[in-house]
Amino acid sequence: MLSTTVLTQIALEPMKIVLAIFIFYLLWGPKPKFSGTSPSVRLIAGLSTAFLSVFVGASGPIVSSYLYTKEYEKLKFTATFSSCMALQYVLKAAVFSVVGFAFLD
């Protein structure tokens, strides 16, 4: 897993800077613009946000902005967003388990 390799190689101080930049971007940056509905575009968007979530934790706003462009009705949007986030959290738990994170502590 690429994220596991990157996660174990990055020092804590640069990670703090990356997290701060990400938070500022979410607060004041432009919302990402996504186009295309092909499976490859969706796969790239999913992999990108899953990879990003390992480092910054809060990829929900990016996933939400991607799904918002699809103009789903309210219930479909909520179900799709919830499914995407649940899958990302399962993948994130797997990555952290591989690198030795102690969940019970």
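One can find the structure itself at the top, above this paragraph.
Please read these numbers as outputs of a predicted model, since none were measured by experiment.

### Examining the nonpolar core
Okay, so step 1: In this structure, Met-15, Phe-22, Val-54, Phe-55, Val-56, Ile-62 and Val-95 together form the largest nonpolar core, which totals 7 residues.
Okay, so step 2: Elements supplying a minimum of two residues to this core: α2 (12-28) and α3 (39-56).
Okay, so step 3: Aside from chain neighbours lying at most four places away, what touches Met-15 is Ile-10 and Phe-55.
Okay, so step 4: With 5 residues, the next largest nonpolar core counts Ala-45, Tyr-66, Leu-67 and Met-85 among its residues.

### Observations regarding the environment of Tyr-25
Okay, so step 1: Counting through the fold element by element, Tyr-25 comes out in helix α2.
Okay, so step 2: By relative accessible area, Tyr-25 is classed as partly exposed at 34%.
Okay, so step 3: A polar side-chain atom of Tyr-25 sits 2.8 Å from the main-chain carbonyl oxygen of Pro-30.

### Comments concerning the environment of Phe-81
Okay, so step 1: Summarising the element assignment, Phe-81 is placed in helix α5 (residues 74-98).
Okay, so step 2: The sequence separation of Phe-81 and Gly-60 amounts to 21 residues, and the corresponding C-alpha distance is 8.3 Å.
Okay, so step 3: Not counting chain neighbours up to four residues away, the residues in contact with Phe-81 comprise Gly-60, Val-63, Ser-64 and Leu-67.

### A few points about the pattern of salt bridges
Okay, so step 1: Tallied over the entire structure, the rule returns 1 salt bridge.
Okay, so step 2: Across the pair Glu-13 and Lys-16 runs a salt bridge, and its minimum N-O distance is 3.4 Å. One end of the pair is Glu-13 and the other is Lys-16, both in helix α2 and 3 residues apart, which spans about a single turn.
Okay, so step 3: Classification of Lys-16 by relative accessible area gives partly exposed; the value is 47%.

How each quantity is defined
- Residues numbered from 1 in each chain as written.
- Predicted model: local features only at pLDDT ≥ 70, side-chain atom pairs only at ≥ 80, totals over all residues.
- Heavy atoms only, no water.
- Core = buried A, V, L, I, M, F, W, Y, C linked by side-chain atoms within 4.5 Å.
- Buried < 20%, exposed > 50% of the residue type's maximum accessible area, 1.4 Å probe, protein only.
- Helix = DSSP H or I, 4+ residues; strand = E, 2+ residues; numbered from the N terminus.
- Contact = heavy atoms within 4.5 Å.
- Polar contact = N/O pair within 3.5 Å; in protein donor to acceptor, adjacent residues only side chain to side chain.
- Salt bridge = Lys/Arg side-chain N within 4 Å of Asp/Glu carboxyl O.

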